[in-house]
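The chain contents come next:
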Amino acid sequence: MTTSDSISLSTNQEGLTFINVENAHATAKVALFGAHVMSFRPKSDGKERLWVSPHAYLNCEKPIRGGIPLCWPWFGHNHGQEKGTLPSHGFLRTQTWSLSSVEDTSDETVLTLLPAFTKSKGFEHECGVKLVITVGETLSISLITTNTGDEAFSFDCALHTYFNVDHIGKTTIEGISGEYEDKTRDGEVLTTPVPYSISEETDRIHLCQAPDIAIVEDGVSTTEIRSSGNDSIVVWNPWQGAASLSDMDAFGYKHMLCVETTVTQGHTLKPEETHILKQVIGVAK
Ligand code: TA6
């Protein structure tokens, strides 16, 4: 692990280590468990952009509710299996990563993290994975997958970002259009509303042509979300379903909105090919 003037490490009572970043432009916090970005606060407006549940598990066992969970090599529950057979959203977010390097420049701090393993039940292909997090005026996160084997494979992945909103009832999304698959209505295909507000349980897969820009406006601040390497954007809010989640309080849904940069349609990597899924979060100009 390299050292840097802009990072410090801290460990909680359950042995979960955090990388705390502070530089001229922002503060951020990354848990080594799941390489999980938990906080990004640009100094330009001082507003926390990410939401983490006050009841999130921080025990190096269960996924952390909030921040930016990494979903890989599948998205959701199934991956063609009975629900519960395989871990929801894959197995990167429930393992402890290592900090491979830290690079400080005048404008940003660049962290590179590596997972402990990239094979598990349900995915046995030879591949390399790394996560590159850049903290500056914006937060950039890139999930990079390389096929190091001699056979092609297909996978899904997501940067499942929980955005902090002042109140969901005052929040709108701009920049997402076209049709979406509504997972709360058995996959019915519907048209993205304008304005795009949230007033019920929402779980939508918006197919899109990357790169794309979405804007989340909550009446207090505006956040710009730039995506690339994705074939879709997922918008999720559990609404009153939050009450059934052990790591979220019943009204937590009022202060969060997931706008996720996702590959949900399967991406095929041939031997030696690399895929980069990237999300950039910033203060909208
Ligand atoms: O991204 C939306 C979604 O797939 C929802 O269907 C819901 O399952 C959510 O992710 C949270 O999943 P998790 O496994 O983190 O509870």
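Cut-offs and rules
Residues numbered from 1 in each chain as written. Predicted model: local features only at pLDDT ≥ 70, side-chain atom pairs only at ≥ 80, totals over all residues. Heavy atoms only, no water. Near = heavy atom within 4 Å. Polar contact = N/O pair within 3.5 Å; in protein donor to acceptor, adjacent residues only side chain to side chain. Areas by Shrake-Rupley, 256 points an atom, 1.4 Å probe, with all protein chains shown as cover. Nonpolar A, V, L, I, M, F, W, Y, C, P; charged D, E, K, R; others polar. Pairing = 2+ DSSP bridges. Helix = DSSP H or I, 4+ residues; strand = E, 2+ residues; numbered from the N terminus. Axes fitted to C-alpha atoms, helices over the stretch in contact; angles between N-to-C directions. Buried < 20%, exposed > 50% of the residue type's maximum accessible area, 1.4 Å probe, protein only.

With that settled, consider the site of the ligand. Contacts to the ligand come from Arg65, Phe75, His77, Ser88, His89, Arg93, His160, Lys183, Asp203, Val234, Trp236 and Glu260. For the ligand, an oxygen atom lies 2.6 Å from a polar atom in the side chain of Asp203. For the ligand, the accessible surface in isolation is 390 Å², of which the surrounding protein chains cover 85%. Across the shell around the ligand, the residue classes break down as three nonpolar, four polar and five charged.

A few words now on the sheet that holds strand 4 (residues 36-42). Sheet architecture is open: four strands sit in the order 1-2-3-4, paired in antiparallel fashion. For this open sheet the edge positions go to strand 1 (7-11) and strand 4, each flanked by a neighbour on one side alone. The average undirected angle you get between the axes of adjacent strands in this sheet is 15 degrees.

This part covers the pairing of strand 8 (residues 127-135). In terms of residue burial, strand 8 counts as a mostly covered element, since seven of its nine residues are buried. Where strand 7 (residues 109-114) and strand 8 come together, five bridges link them in antiparallel fashion. Counterpart to Leu113 in the pairing with strand 8 is Leu131. Sheet topology note: the strand 8/strand 9 (residues 139-147) ladder contains nine bridges and is antiparallel. Among the inter-strand pairings, Cys127 is bridged to a residue of strand 9, identified as Asn147. Hairpin connection, strand 8 to strand 9: the antiparallel pair is bridged by three residues.

A sheet is described by the order of its strands in space; here nine strands give the open sequence 6-7-8-9-21-18-17-12-15, paired in antiparallel fashion. Strands with a single pairing partner mark the edges of an open sheet, and in this sheet they are strand 6 (98-104) and strand 15 (196-197). Bridge analysis of strand 17 (residues 212-217) against strand 18 (residues 222-228) gives six bridges, and the strand direction is antiparallel. From the neighbouring strand, Ala214 faces strand 18, where its bridge partner is Ile225.

Cis geometry is found at the peptide bond from Trp72 to Pro73, where omega equals 0 degrees. Assignment of secondary structure puts Pro73 in the loop between strand 5 (70-71) and strand 6. Of the consecutive residues Val194 and Pro195, the connecting peptide bond is found in the cis state with omega at -10 degrees. Relative to the helices and strands, Pro195 is located in the loop between strand 14 (188-191) and strand 15. For Asp186, which is not glycine, the phi torsion reads 50 degrees and is therefore positive. Secondary-structure assignment places Asp186 in the loop between strand 13 (179-182) and strand 14. Assessed through its relative accessible area of 81%, Asp186 is described here as exposed. Phi at Glu272 is positive, roughly 75 degrees, even though this residue is not glycine. Topologically, Glu272 is positioned in the loop between strand 20 (256-269) and strand 21 (274-283).

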